[in-house]
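Next come the chains, spelled out residue by residue.
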Amino acid sequence: KQKGSHRRIGVRQGDPASPALYNAAVGLVFIQASREWWAGGWGFVFHNGHTTHFIPILAYADDPALLATSVSSMLYMLRDADRRLSTLGLAIRPG
């Protein structure tokens, strides 16, 4: 490695590929997580009269929202999501 050289990873800010790559990577993480959360009964409970549905996450662009019926459920889901996202070098920043 030469003095003054920098190794870069990722996609540059403003690159047209950036949203697609982000959505593909994060989407895969949340699809896997939501399947497990749904199977465990985690998430918002919706009854349509005949069937009970669990909705653990809503997402729009780069703003996912986790849904839970209790504080303990939300804390579990946040920790699990943060652990999963950390494998991509990402972290949850509330706010």
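The structure we're discussing is the one just above.
Residues numbered from 1 in each chain as written. Predicted model: local features only at pLDDT ≥ 70, side-chain atom pairs only at ≥ 80, totals over all residues. Heavy atoms only, no water.

## Some words on a nonpolar patch on the surface
At step 1: Side chains of Val-71, Leu-75, Leu-78 and Ile-92 sit close together on the surface and give an oily, nonpolar patch of about 310 Å² of accessible area.
At step 2: As for its placement among the helices and strands, Leu-78 is situated in helix 2 (residues 71-86). (Patch = residues over 30% accessible without salt bridge, like charges linked within 9 Å, V, L, I, M, F, W, Y side chains within 5 Å. Areas by Shrake-Rupley, 256 points an atom, 1.4 Å probe, with all protein chains shown as cover. Salt bridge = Lys/Arg side-chain N within 4 Å of Asp/Glu carboxyl O. Helix = DSSP H or I, 4+ residues; strand = E, 2+ residues; numbered from the N terminus.)

## Here's the deal with the environment of Arg-35
At step 1: When you line up the elements, Arg-35 lands in helix 1 (residues 18-39).
At step 2: Taking the C-alpha atoms as reference points, Arg-35 and Ile-55, separated by 20 residues in sequence, lie 10.0 Å from one another.

## Observations concerning the pattern of salt bridges
At step 1: Per the stated rule, a full pass over the model turns up three salt bridges.
At step 2: For Arg-84, the salt bridge identified is with Glu-36, shortest N-O distance 2.6 Å. In this pair, Arg-84 sits in helix 2 while Glu-36 sits in helix 1, placing the two residues 48 residues apart along the sequence.
At step 3: For Arg-84, a relative accessible area of 11% gives the class buried. (Buried < 20%, exposed > 50% of the residue type's maximum accessible area, 1.4 Å probe, protein only.)

## A short note on the pairing of strand 3 (residues 57-60)
At step 1: With four bridges joining them, strand 3 and strand 4 (residues 63-66) adopt antiparallel strand pairing. Each residue of the ladder has a partner; that of Ile-57, found in strand 4, is Leu-66.
At step 2: Hairpin geometry of strand 3 and strand 4 is characterised by an intervening segment of two residues between the two adjacent antiparallel strands and by a positive phi of about 55 degrees at Ala-61. (Pairing = 2+ DSSP bridges.)

## Digging into the packing of aromatic side chains
At step 1: For the coordinates displayed, the defined rule picks out one aromatic pair.
At step 2: On the numbers, 4.6 Å between centres and 20 degrees between planes, the contact of Trp-42 with Tyr-76 is stacked. Residue Trp-42 is found in the loop between helix 1 and strand 1 (44-47), and its partner Tyr-76 is found in helix 2; the two are separated by 34 residues along the sequence.
At step 3: The class for Trp-42 is partly exposed, based on a relative accessible area of 25%.
At step 4: A relative accessible area of 39% means that Tyr-76 is categorised as partly exposed. (Phe/Tyr/Trp six-rings, centres within 6.5 Å; stacked < 30°, edge-to-face > 60°.)

## Some details on the layout of surface pockets
At step 1: Here the largest pocket defines a volume of roughly 1000 Å³.
At step 2: If you go around the largest pocket, you meet 28 residues; those closest to its centre are Tyr-22, Val-26, Asp-62, Leu-90 and Ala-91.
At step 3: Sorting the residues of the lining of the largest pocket by element identifies helix 1, strand 4 and helix 2 as the ones contributing at least two each.
At step 4: Take the lining of the largest pocket: its biggest share by element is eight residues, from helix 1.
At step 5: Across the lining of the largest pocket, the residue classes tally to 19 nonpolar, five polar and four charged. (1 Å grid on protein atoms, 1.4 Å probe; cavity = no way out; pocket = protein on both sides within 12 Å on 5 of 7 lines; lining within 4 Å. Points joined across faces, edges and corners; volume = space filled by probe spheres on them. Nonpolar A, V, L, I, M, F, W, Y, C, P; charged D, E, K, R; others polar.)

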